[in-house]
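Examination of the molecular architecture
Below, each chain spelled out in residue letters.
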Amino acid sequence: MTDYAGRLRLGVNIDHVATLRNARGGHLPDPVRAAQLAEEAGADGITAHLREDRRHIIDSDIDRLMETLRVPLNFEMAATDEMQKIALRHKPHAVCIVPEKREERTTEGGLEVAREENKLAGFIAPLREAGCRVSIFIGADERQITAAHRIGAQVIELHTGAYCDAHAEGDFTTRDRELEMMREMSAYAHSLGLEVHAGHGLNYETVEPVAAFPEVVELNIGHFLIGESVFRGLGPAIEEMRRLMDAARA
Ligand code: PXP
């Protein structure tokens, strides 16, 4: 995703349409239909996380997304051989490597890159050779960002979860500290030549300060938008997010 021309990109994560579908079994609601509606509402990309346990997105969703999407797919996955094979078969526009724990409800933290440098460098090399932009989901931590750069990642996605949680809990000291760290680390990552994305837990209340970081070129947002679409529809929920992002950028 390199042609931003100054505009902050919005990637819509559709995992939780699949969560709802899988709660009942069957085919509805269809995450691929949600992806198409998101495209029509102005999403610049679609994000989908194929977890090892297939708790939301399943393999056939990825097949159908690759067949039908007009905007780029950001394929989120853990650094496993199984996922690498799937990514190499599909060659999505971007692959975002995330940590995955079976017992977690959602991706709780950033990837530990510094301790796994050699392994991860070998893991991402074939993905890069296949033409995928490789992104690493990471905490706002200089050591991890430096390591992500060293292993050859082109993109980092900063984990905004701790900032959003602190906001929700009314702990504004922590919230502002997290925000400041993300601000510094997005500038640092950019200075290394890394493209900077951010996401996790963002909503209408928390998006603007992150959208205002000049180095951040893409936000990936899912859970809140899918929840909000129950009340106002997916298109209007996305359009409002887009409006807030653009306002923060202006
Ligand atoms: N970015 C990454 C790398 C993620 O793992 C997730 C959650 O799957 C998101 C963004 C979106 O987070 P949320 O669904 O909380 O908006």
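Note: the structure precedes this text.
Read on for an overview of the structure. Predicted model, so just to flag it, every value in this text is computed and none were measured. (Residues numbered from 1 in each chain as written. Predicted model: local features only at pLDDT ≥ 70, side-chain atom pairs only at ≥ 80, totals over all residues. Heavy atoms only, no water.)

1. What about the packing of aromatic side chains?
The way to describe two aromatic rings as a pair is by their centre distance and the angle between their planes. Per the counting criterion, the structure on display carries 1 aromatic pair. On the numbers, 4.6 Å between centres and 80 degrees between planes, the contact of Tyr204 with Phe224 is edge-to-face. Pair noted here: Tyr204 is in the loop between β7 (195-199) and α9 (207-211) and Phe224 is in helix α10 (residues 223-232), with a separation of 20 residues, a long-range link. Among the residues examined, Phe224 registers a relative accessible area of 23% and is labelled partly exposed. (Phe/Tyr/Trp six-rings, centres within 6.5 Å; stacked < 30°, edge-to-face > 60°. Helix = DSSP H or I, 4+ residues; strand = E, 2+ residues; numbered from the N terminus. Buried < 20%, exposed > 50% of the residue type's maximum accessible area, 1.4 Å probe, protein only.)

2. With respect to the sheet that holds β7
Taken in spatial order, the 8 strands of this closed barrel run β1-β2-β3-β4-β5-β6-β7-β8, and their pairing is parallel. In this sheet, adjacent strand axes meet at a mean angle of 25 degrees when their direction is disregarded. The pairing of β7 with strand β8 (residues 216-221) spans 4 bridges and is classified as parallel. Bridge pairing in β8 places Gly199 opposite Asn220. Across the face of the sheet, helix α5 (residues 117-129) comes into contact with β3 (73-77), β4 (94-97) and β5 (133-138) while running at roughly 170 degrees to β4. (Pairing = 2+ DSSP bridges. Axes fitted to C-alpha atoms, helices over the stretch in contact; angles between N-to-C directions. Contact = heavy atoms within 4.5 Å.)

3. Focus: the layout of surface pockets
If you add up the space inside the largest pocket, you get close to 800 Å³. Lining the largest pocket are 35 residues, and of these His16, Thr106, His200, Gly201 and His223 lie nearest its centre. When contributions to the lining of the largest pocket are tallied by element, the ones reaching two or more residues are α1 (15-24), β2 (45-49), β6 (155-159), α7 (161-168), β8 and α10. Across the lining of the largest pocket, the residue classes tally to 8 nonpolar, 18 polar and 9 charged. If you list the elements that add at least two residues to the lining of the second largest pocket, you get α1, α2 (31-40) and α10. It is α10 that contributes the most residues to the lining of the second largest pocket, 5 residues altogether. Of the residues assigned to the lining of the second largest pocket, the class counts are 9 nonpolar, 4 polar and 2 charged. (1 Å grid on protein atoms, 1.4 Å probe; cavity = no way out; pocket = protein on both sides within 12 Å on 5 of 7 lines; lining within 4 Å. Points joined across faces, edges and corners; volume = space filled by probe spheres on them. Nonpolar A, V, L, I, M, F, W, Y, C, P; charged D, E, K, R; others polar.)

4. Focus: the pattern of salt bridges
The final tally for this structure, using the stated rule, is 19 salt bridges. The partner of Arg7 in a salt bridge is Asp44, with the nearest N and O atoms 3.1 Å apart. Pair noted here: Arg7 is in the segment before β1 (9-13) and Asp44 is in the loop between α2 and β2, with a separation of 37 residues, a long-range link. With a closest N to O distance of 2.7 Å, Arg150 and Glu117 form a salt bridge. In this pair, Arg150 sits in helix α6 (residues 142-150) while Glu117 sits in helix α5, placing the two residues 33 residues apart along the sequence. Among the charged side chains, a network of salt bridges with common partners joins Arg7, Asp44, Arg242 and Asp246. (Salt bridge = Lys/Arg side-chain N within 4 Å of Asp/Glu carboxyl O.)

5. So, the site of the ligand
Near the ligand lie 14 residues; those nearest to it are Glu76, Glu157, Gly201, Gly222 and His223. Between the ligand and Glu76 there is a distance of 2.8 Å, counted from an oxygen atom to a side-chain nitrogen or oxygen. Gly201 has a polar backbone atom sitting 2.8 Å from an oxygen atom of the ligand. At a threshold of 2 Å from the grid points, most atoms of the ligand map onto the largest pocket. Its residues assigned to classes, the shell around the ligand comprises 4 nonpolar, 7 polar and 3 charged. (Near = heavy atom within 4 Å. Polar contact = N/O pair within 3.5 Å; in protein donor to acceptor, adjacent residues only side chain to side chain. Sits in = over half its atoms within 2 Å of the grid points.)

Coordinates in, geometry out; function isn't part of it.
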